[in-house]
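Chain residues, written in single-letter form:
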Amino acid sequence: MAEIYYDNDADLSLIRSKKVAIIGYGSQGHAHALNLKDSGVDVVVGLRPGSSSWAKAEEAGLEVKDVPEAVAEGDVVMILVPDQAQRSVYAERIAPFLKPDAALFFAHGFNIRFGYIDPGEGHDVCMVAPKGPGHKVREAFLQGVGTPDVVAVEVDASGEAWPLTLSYAKALGGTKAGVIKTTFTEETETDLFGEQAVLCGGVSHLIQAGFETLVEAGYQPEIAYFEVCHELKQIVDLINEGGITKQRWSCSDTAEYGDYVSGPRVIGPQVKSAMKDVLSDIQDGTFATRFIADQDSGALEFKALRAEEEQHPIEKTGHFLRSKFGWTQQDDDYVDGSAAR
């Protein structure tokens, strides 16, 4: 059984006794910085001069400095820049300025697991990874409920890495919900697999295939959108609340019976076999190598795939329906129906 820790298992005073440098102020960065600040932690945000996030962080009442300056002050340095940028930021703007005994924290194990960052000796290497996007982590903290985290220690140089990790998780709000002990390897491999095979790759392409099947059979695109995409949120919410069993209990007998007899026809042994291939590519580093090589070459494949997927007919239909029904846009940085980046 997994080891799960809660508020009573963590000593908040440990992280409060440290200066924490949060490197990056994106989705996760802003949530970590603000939650820790509100928990009484001394926080400095490290950003490059000219960053569009600099003013946002200062307006939120945070101390902001150039990355090397922030790192030089940090007893704990949490690296929250994108995976593909971490190794260069670390090599050029973090490693030369680290205190000899500074603890390095991550919210995803990618760069440690695949060897793109080697912290060297003397540093605790720890992970606090919220199981949700940053705006939800912040929202849950403000509601007093917290977001579940997974926590790990790769290197315990100080002998106190675990208590410090749990203390950080408490300041972030995770121990209110519960944090699960894992390893950098387990978190990285399962996270990548979940994203690719189910949560992002699996679900999005299942939706697209369902939409195509209905439209090609002559049904209205708008009706197809409702049936294979819009209602998905309701199903996922039910699964989140009570597992697949509650979702089945909540739907009609017709839907439940169709689940049992037709689901395995769509998601059959061939899908599981493909999933095993995906997992193998993650475990042996094939995916990481392909991703980083493409990013280093200007992300040409990544950008081409993004552009191609944004032209799928379901996107145009969804944009039209959302505008007609007035569904609320909840992310100010995203423009619905466009590729604003």
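Before reading further, recall that the structure is shown in the block above.
Sequence positions are assigned chain by chain, starting from 1 and proceeding in written order. Where local features are concerned, this predicted model is filtered to residues with pLDDT of at least 70; where side-chain atom pairs are given and counted, the filter is 80 or more; whole-chain, interface and lining totals use all residues. Where side-chain values are given, they derive from all heavy atoms of the structure, hydrogens and water being excluded.

## A word on the packing of aromatic side chains
What counts as a ring pair is set by centres within 6.5 Å for rings of Phe, Tyr and Trp (its six-membered ring), and what kind of pair is set by the plane angle: stacked under 30 degrees, edge-to-face over 60, tilted for all other angles. Within this structure, the stated rule accounts for seven aromatic pairs. With a centroid separation of 6.1 Å and an interplanar angle of 10°, the aromatic rings of Phe 287 and Phe 291 are classed as stacked. With Phe 287 and Phe 291 both in helix 16 (residues 286–296) and four residues apart, this pair spans about one turn of that helix. Among the aromatic residues, ring-to-ring pairing joins Phe 110, Phe 114, Tyr 116, Phe 287 and Phe 291 into one connected group. The ring centre of Trp 162 lies 4.9 Å from the NZ or CZ of Lys 181, which sits over that ring. Helix and strand definitions follow DSSP, with helices as H or I runs of at least four residues and strands as E runs of at least two, each counted in order from the N terminus. Lysine and arginine charges are scored as sitting over a ring when NZ or CZ, respectively, is within 6 Å of the ring centre and within 35 degrees of the ring normal.

## Description of the side chain of Thr 317
Following the sequence through the fold, Thr 317 ends up in helix 18 (residues 313–325). Think of it in three bands: with a 1.4 Å probe and only protein chains considered, a residue is buried below 20% of the maximum accessible area for its type, exposed above 50%, and partly exposed in between. Of the residues examined, Thr 317 reaches a relative accessible area of 11% and is grouped as buried. The residues touching Thr 317, leaving out its near neighbours within four places in the chain, are Phe 211, Pro 221, Glu 222 and Tyr 225. Residue contacts follow a heavy-atom distance rule, with two residues in contact if any of their heavy atoms lie within 4.5 Å.

## Details of the sheet that holds strand 7 (residues 125–130)
Note: two strands are recorded as paired if DSSP finds a minimum of 2 bridges between them. An order of 1-9-8-7-6-5-2-3-4 is seen for the nine strands of this open sheet, with the pairing classed as mixed. Two strands lie at the open edges of the sheet, namely strand 1 (4–5) and strand 4 (63–66), each paired on one side alone. Two strands pair when backbone bridges link them, and strand 2 (residues 19–23) and strand 3 (residues 42–47) are joined in this way by five bridges, in the parallel orientation. Of the residues in strand 3, the one forming a bridge with Ile 23 is Gly 46.

## Thoughts on the nonpolar core
Ile 15, Phe 105 and Tyr 168 are the most contacted members of the largest nonpolar core, which totals 37 residues. Here the element with the most residues in this core is helix 8 (residues 161–172); it accounts for seven residues. Once residues lying within four places of it in the same chain are set aside, the contact partners of Tyr 168 are Ile 15, Val 20, Ile 22, His 32, Leu 36, Val 76, Met 78, Phe 105 and Val 128. For the purposes of this section, nonpolar cores are sets of buried Ala, Val, Leu, Ile, Met, Phe, Trp, Tyr and Cys residues that join through side-chain atoms within 4.5 Å.

## Structural notes on the environment of Asp 66
Relative to the helices and strands, Asp 66 is located in strand 4. Residue classification places Asp 66 among the buried residues on the basis of a relative accessible area of 17%. Along the sequence, Asp 66 and Thr 175 sit 109 residues apart, while their C-alpha atoms lie 31 Å from each other. Setting aside chain neighbours within four positions, we find Asp 66 in contact with Leu 47, Arg 48, Pro 49, Trp 54 and Arg 93. What qualifies as a polar contact is a pair of N or O atoms within 3.5 Å, subject to a donor-acceptor requirement within protein and to the restriction that residues adjacent in sequence count only when both atoms come from side chains. Of note is the side chain of Asp 66, whose polar atom sits 2.3 Å from the side chain of Arg 93.

That is the geometry; function is a separate question.
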